[in-house]
Amino acid sequence: MPMNIAIDGPVGAGKSSIADAVAGKLGILHLDTGAMYRALALYALRSGVELTDEAAVSACCAQADIAVGYADGRQRTLLSGEDVSDLIRTGEVSAAASVVSKWPAVRERMVALQQELARKGNMLIDGRDIGTVVLADSPCKIYLTASAEERARRRYLQNLEKGDNTPFEDVLAALNARDAQDMGRAVSPLRQAEDAVLVDSTDMTREEVVDAIVRIVEGIYGKQ
Ligand code: DC
């Protein structure tokens, strides 16, 4: 049985970094699907389309050449062959990704790309709709969350390290806005799949979360 692991959760729950560590321990690839929506958002921003214009964004999505590759086991996200892995980490792209990802044509294309990648082999995939849509048949689903205050606190501290002094209240407000957008959209809103295991990391260290998830995976697929 191929090992497919779904990890979903809200912004700032640490999904990407935890998923990287878990995939590393299990010796499998990690697909960060948010990076794909971000690459499309960058394409739409560069094209100058109105992000709230469903037809224009859908047309952008049909044109955009988005691909994922791996270098030394780490994901590189490509837009028309350009490695945009770092460029897609700005606040502007984050906010734009949250908007473009609500359009059905966008979701349809991204889900198809992600399922194609998942078919190629063992993979841990993180996002918002992985347990509910992309890997709906997977026996191994995790919903990783933490309180909004704790997620904002972590993001605030990460920002400070990068020299970004955005006040905590503003970080919390942006996070609440993205939660509302991701959980409130009509198509594939973020929610815990009925058969997903909940991991609430509010009072856990990163290592505790990684170990807890590895134990859940091994409980399903056996010791790796
Ligand atoms: O995980 P992230 O913050 O990089 O995701 C960026 C945006 O993309 C996020 O606001 C929601 C959207 N997204 C999505 O709708 N479905 C996914 N599977 C992954 C991300």
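For the structure itself, look to the data block above.
Conventions we followed
Residues numbered from 1 in each chain as written. Predicted model: local features only at pLDDT ≥ 70, side-chain atom pairs only at ≥ 80, totals over all residues. Heavy atoms only, no water. 1 Å grid on protein atoms, 1.4 Å probe; cavity = no way out; pocket = protein on both sides within 12 Å on 5 of 7 lines; lining within 4 Å. Points joined across faces, edges and corners; volume = space filled by probe spheres on them. Nonpolar A, V, L, I, M, F, W, Y, C, P; charged D, E, K, R; others polar. Near = heavy atom within 4 Å. Polar contact = N/O pair within 3.5 Å; in protein donor to acceptor, adjacent residues only side chain to side chain. Areas by Shrake-Rupley, 256 points an atom, 1.4 Å probe, with all protein chains shown as cover. Helix = DSSP H or I, 4+ residues; strand = E, 2+ residues; numbered from the N terminus. Disulfide = S-S within 2.5 Å.

1. So, the layout of surface pockets
Roughly 170 Å³ of internal volume is contained in the second largest pocket. Considering the residues around the second largest pocket, the lining is formed by 13 residues, among which Pro2, Asn4, Ala118, Leu135 and Asp137 are closest to the centre. When the residues that make up the lining of the second largest pocket are grouped by side-chain class, the tally is seven nonpolar, three polar and three charged.

2. Considering the site of the ligand
Residues in close proximity to the ligand total 15 residues, the closest being Arg38, Arg107, Arg128, Asp129 and Arg178. Between Thr33 and the ligand, the recorded distance is 3.0 Å, taken from a side-chain N or O atom to a nitrogen atom. A distance of 2.6 Å separates an oxygen atom of the ligand from a polar atom in the side chain of Arg38. Expressed as a share of its isolated accessible area of 450 Å², the protein-covered part of the ligand is 96%. Only helix H2 (33–47), helix H4 (91–100) and helix H8 (168–184) provide two or more residues apiece to the shell around the ligand. With four residues, the single largest contributor to the shell around the ligand is H2.

3. Observations concerning the state of the cysteines
Cysteine pairs can be covalently joined through their sulfur atoms, and such a bond is termed a disulfide. Here the structure, examined in full by the defined rule, presents zero disulfides. Here Cys60 stays free of any disulfide, with the sulfur of Cys61 as its closest cysteine sulfur at 8.4 Å.

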